Amino acid sequence: MPDPILAPFPATRLRRLRRTPALRALTTETNLTAGNLIWPIFVTEIAGGEGEIPSMPGVQRLTLDGAKRAAETAMRLNIPALCIFPHSDPDQKTEGCERAWDPENIGNRAIRAIKEVAPDLAVMTDIALDPYNANGHDGLVRDGVILNDETVEALVRMALVQAEAGADILGPSDMMDGRIGALRGALESHGRKDVAILSYAAKYASGFYGPFRDAVGASGRLVGDKKTYQMNPANREEALRCVARDLAEGADMVMVKPGMPYLDICREVKDRFAAPTYAYQVSGEYAMLEGAIRNGWLGRGVVLESLIAFRRAGCDGILTYYAPEIAEMLA
Ligand code: PBG
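**Brief notes about the packing of aromatic side chains**
Inference 1: Taken as a whole, this structure holds ten aromatic pairs when the rule is applied.
Inference 2: Consider the rings of Tyr-280 and Tyr-321, whose centres lie 6.0 Å apart with planes at 45 degrees: the pair is tilted. Taken together, the residues Tyr-280 in strand 11 (residues 277–281) and Tyr-321 in the loop between strand 12 (317–320) and helix 11 (323–330) connect sequence positions 41 residues apart. Here Tyr-280 and Tyr-321 have matching classes, each one buried.
Inference 3: One aromatic cluster is present, built from ring pairs that chain together Phe-42, Phe-85, Tyr-200, Phe-212, Tyr-280, Tyr-286, Tyr-321 and Tyr-322.
Inference 4: Seen from the ring of Tyr-209, Lys-257 lies directly overhead, with NZ or CZ sitting 4.6 Å from the centre.

As structure tokens, then:
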């Protein structure tokens, strides 16, 4: 970026261009449209599992019919993509995670249900074993160790079934090594060359995922933590290596997660790699904003401000639970 040339005061008065709404509109550097949003939804297969998530006030777990209605809402509001997270039957979670590649699991049923009512909407999925894992981990566990290569094989099975069900964008959120190359290779060799991969490339081991784990019913299960596969929040260079590696293995798009505490990483990833870059404004960020807003401690304007911040930091798009509210506001 060139250095700005500023005449000395009073020739330069930066307030001149802030004086009126018209002048501020003309000098706005970043914008946000509904087209920048990916809306994550929770879909339950448990009878009576639908309803508001206590730690995410305003966010509902949906039935399949609810997911279809969300798809129609997304279409009406010009939100280009939904991302599906399954709330699965606890009795069917196993150590082998076999349900993850069952074409009839709730995630795959949701893909098909959404495609029925909104074929033009992009459907994104999550690739990780946690919704179907008795241990709550994203990978297979043996003797307390998260297995890398065995997990990657399981993820490939899961991905092919999701692609078959109609997913447009696969979102590997598991942080195993080698998964992007394995997924890309399997998609190519199984006639799914047009399915895109949005890699959760720089995913940190974060406390901000707490409400999400409540939402998908994983909170009580997780034995230990995810620090042997998710990244250390102190690391920046490692994030760049993760992104470089995933792009080199065939990721079409990359993500930084969580979002707001990691905007420096977003900016650096965008500048270094010039690839389609996304951030996930995660459940804990939502809970923080929404909790403060509902208590009257913050005004609702912080929601838009938080999303503009992602755009300013270089993100092409944002996964956010605020997608429908903001798209409605922008419409
Ligand atoms: C799990 C997954 C998580 C999120 C998305 N996919 C949780 C985790 O890694 O424990 C978090 C999303 C959020 O907090 O909103 N594979």
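Next comes the rest of the account.
**Focus: the layout of surface pockets**
Inference 1: Of the pockets and cavities examined, the largest pocket occupies roughly 270 Å³.
Inference 2: In terms of lining residues, the largest pocket is bounded by 17 residues, among which Trp-39, Gly-58, Val-59, Gln-60 and Pro-324 are the most central.
Inference 3: Elements that contribute at least two residues to the lining of the largest pocket include exactly strand 1 (37–44), strand 3 (56–62), helix 2 (64–76) and helix 11.
Inference 4: A class-by-class count of the residues in the lining of the largest pocket yields eleven nonpolar, four polar and two charged.
Inference 5: Together, Met-175, Asp-177, Thr-228, Tyr-229, Gln-230, Met-231, Asn-232, Glu-238, Arg-241, Cys-242 and Arg-245 line the second largest pocket.
Inference 6: Here the residues of the lining of the second largest pocket sort into four nonpolar, three polar and four charged.

**Let's talk about the environment of Val-43**
Inference 1: One can find Val-43 in strand 1.
Inference 2: Residue classification places Val-43 among the buried residues on the basis of a relative accessible area of 1%.
Inference 3: Between the C-alpha atoms of Val-43 and Val-216, which are 173 residues apart in sequence, the distance is 8.7 Å.
Inference 4: If we ignore the near neighbours within four places in the chain, the residues touching Val-43 are Leu-62, Thr-63, Leu-64, Ala-67, Ile-84, Phe-85, Pro-86, His-87, Ile-106 and Ala-110.

**Section: the environment of Ile-46**
Inference 1: Its location among the elements puts Ile-46 in the loop between strand 1 and strand 2 (51–53).
Inference 2: Sequence separation between Ile-46 and Pro-8 is 38 residues, and the spatial gap between their C-alpha atoms is 66 Å.

About the cut-offs
Residues numbered from 1 in each chain as written. Predicted model: local features only at pLDDT ≥ 70, side-chain atom pairs only at ≥ 80, totals over all residues. Heavy atoms only, no water. Phe/Tyr/Trp six-rings, centres within 6.5 Å; stacked < 30°, edge-to-face > 60°. Helix = DSSP H or I, 4+ residues; strand = E, 2+ residues; numbered from the N terminus. Buried < 20%, exposed > 50% of the residue type's maximum accessible area, 1.4 Å probe, protein only. Lys NZ or Arg CZ within 6 Å of the ring centre and 35° of its normal. 1 Å grid on protein atoms, 1.4 Å probe; cavity = no way out; pocket = protein on both sides within 12 Å on 5 of 7 lines; lining within 4 Å. Points joined across faces, edges and corners; volume = space filled by probe spheres on them. Nonpolar A, V, L, I, M, F, W, Y, C, P; charged D, E, K, R; others polar. Contact = heavy atoms within 4.5 Å.

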